[in-house]
Amino acid sequence: MKYIEEFQDPALAERLLGEIRAAVTRPWALMEVCGGQTHTIIRHGIDQLLPDEVELIHGPGCPVCVTPLEVIDKALEIASRPGVIFCSFGDMLRVPGTGRDLFQVRGEGGDVRVVYSPLDALRIARQNPGRQVVFFGIGFETTAPPNAMTVYQARRLGIPNFSLLVSHVRVPPAIEAIMRSPKCRVQGFLAAGHVCSVMGTGEYPELSERHRVPIVVTGFEPLDILEGVRRTVLQLERGEHSVENAYPRAVRPEGNPAARAMLDDVFEVTDRAWRGIGVIPDSGWRLSPRYREYDAEHRFQVTGIDTREPAACRSGEVLQGLLKPHECEAFGTVCTPRSPLGATMVSSEGACAAYYLYRRLDLPSAASRPLEGSPVV
Ligand code: SF4
């Protein structure tokens, strides 16, 4: 398939690996920001093919995983209300809130529906004028534009019974927070290509300069990852730090101007809590005052949320790159894709799910761990 198979070529992969091996003279720790990249790395064993000196740390770029528990609990509360049709992408239904998930709400009679686009939710709202229809809008700069467009359309078409429960997050403030952490070991970043295809690369030079860290924009196929690693390692070995675009087939410096204009119109930047990490300044979006009437939090006035994270779950450390998933004691025992304790085991982009899906049989204590099916997402 065009743009996929040609970026999985084993001979080219071996050549890139050879160049990385030839360049490395000392240990380097790189972070891939996006959960999609983490899955490519674990699925293809890229981290095991790299020289021992190059460590890949998995970052907080899984949108489902970082959605804060409080927002999940608000979604559960709104979805439980009579007359509400709660719409979401399927991967949010198994994310555990405090004590239950959206599947359970549906089992208890809530009208929770899986949709494939926020515009599906808008169509449902038009078809059900007597019901309140809510779409669960989570994710990074990639999912924010279509959600912004849906709110824009709701207002343009005069559909008053639609609202958005918003928990959008932005990558650059997360990189800033990671670099400011006293525990940070990251020396170079593989930035997420799909985020940059929307936002461009303009937010990164300042970050790179301030923290003297290479940032290389990469894609999601094995050769994309290897080329990103090669360029980052070359910069580190030379003592340089700059922003490079290793994904030019999708990323232009200016990004997607139409999508950015829609974001600027519908959303405004706000502080956001990241699950397992805490509040990161200016790291999210909420609906701007012009669109506040479409804000589900404003419309439903959910209060009295009392969140409780499972004590055994260490996903916060996993999301910050401080712990590998299999180092969590619950991994593969009490926490599996069928009974996840944390969002990083639920999501198709979660690091814990990636290790469970592709690596559990190779891990030290895997023999004593129960086998289950693939993550259901
Ligand atoms: S393995 Fe499960 S309990 Fe452990 S950090 Fe991952 S999601 Fe949390």
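It should be emphasised that the depicted structure is a prediction, and the values quoted were computed from it without experimental measurement.

A tally of helices and strands in the protein chain yields 17 helices and 11 strands. For the protein chain, whose C-alpha radius of gyration is 21 Å, the value lies close to the compact-globule estimate of 21 Å for 377 residues. With respect to the three principal axes, the spread of C-alpha positions in the protein chain is 65 × 50 × 45 Å. In the protein chain, which comprises 377 residues, the share counted as buried stands at 55%. Taking as baseline every contact in the protein chain between residues at least 6 positions apart, the subset at least 24 positions apart corresponds to 77%. Of the roughly 16000 Å² of accessible surface on the protein chain, 50% is carried by carbon and sulfur atoms. One way to put it: in the protein chain the 41 positive side-chain charges average out to a point 4 Å from where the 46 negative ones average out.

We now examine the site of the ligand. Taken together, Cys313, Arg314, Ser315, Cys328, Ala330, Phe331, Cys335, Leu341, Gly342, Thr344, Met345 and Cys352 make up the full set of residues adjacent to the ligand. Classifying every residue of the shell around the ligand by side-chain character gives eight nonpolar, three polar and one charged.

This part covers helix α5 (residues 69-79). Counting buried positions along α5 yields nine of 11 residues, so the element is predominantly enclosed. Of all the residues in α5, the buried ones are Leu69, Val71, Ile72, Asp73, Lys74, Ala75, Leu76, Ile78 and Ala79. Looking at the buried side of α5, the elements it contacts are β3 (84-88), α6 (102-107), β4 (111-114), β5 (132-139), β6 (162-169) and α14 (296-300).

This next bit is on the nonpolar core. Membership of the largest hydrophobic core comes to 84 residues, with the highest contact counts inside it found for Phe86, Phe136, Phe189 and Phe267. Top contributing element to this core by residue count: α5, with six residues. The residues touching Phe189, leaving out its near neighbours within four places in the chain, are Met31, Val33, Ile175, Ile178, Met179, Val213, Pro214, Ile215, Val216 and Thr232.

Time to look at unusual backbone geometry. A positive phi is found at Arg212, a non-glycine position, where the angle reads about 50 degrees. Within the secondary structure, Arg212 sits in the loop between α11 (204-211) and β8 (215-218). For Arg212, a relative accessible area of 58% puts it in the exposed group.

Bringing the environment of Asn147 into the picture now. Tracing the backbone shows Asn147 in helix α8 (residues 144-157). In this structure Asn147 comes out as buried when scored by relative accessible area, which is 2%. Here the alpha-carbon distance between Asn147 and Met262, two residues 115 residues apart in the chain, equals 9.6 Å. Setting aside its immediate chain neighbours within four residues, Asn147 contacts Pro118, Phe135, Gly137, Ile138, Leu164 and His168.

Before going further, it helps to examine the sheet that holds strand β11 (residues 278-287). Pairing within the open sheet is mixed, and its six strands lie in the order β4-β3-β5-β6-β11-β10. In this open sheet, the two strands that pair with only one neighbour each are β4 and β10 (267-274). Looking at each pair of strands side by side, their axes are set apart by 25 degrees on average, direction ignored. Each of β10 and β11 touches helix α13 (residues 257-266); the most contacted strand, β10, lies at about 80 degrees to it.

Turning to the confidence of the model for the protein chain, a few remarks are in order. Chain-level statistics for the protein chain give a pLDDT mean of 92 and a share of 96% at 70 or above. Low confidence marks residues 366-377, where pLDDT is under 50. Its contacts with residues over four positions away, or in another chain, come to 31 contacts.

Cut-off values and rules
Residues numbered from 1 in each chain as written. Predicted model: local features only at pLDDT ≥ 70, side-chain atom pairs only at ≥ 80, totals over all residues. Heavy atoms only, no water. Helix = DSSP H or I, 4+ residues; strand = E, 2+ residues; numbered from the N terminus. Rg over C-alpha atoms; globule rule 2.2 N^0.38 Å. Buried < 20%, exposed > 50% of the residue type's maximum accessible area, 1.4 Å probe, protein only. Contact = heavy atoms within 4.5 Å. Areas by Shrake-Rupley, 256 points an atom, 1.4 Å probe, with all protein chains shown as cover. Lys, Arg positive; Asp, Glu negative; His and termini not counted. Charge placed at Lys NZ, Arg CZ, Asp CG, Glu CD. Near = heavy atom within 4 Å. Nonpolar A, V, L, I, M, F, W, Y, C, P; charged D, E, K, R; others polar. Core = buried A, V, L, I, M, F, W, Y, C linked by side-chain atoms within 4.5 Å. Pairing = 2+ DSSP bridges. Axes fitted to C-alpha atoms, helices over the stretch in contact; angles between N-to-C directions. pLDDT = per-residue confidence, 0-100.

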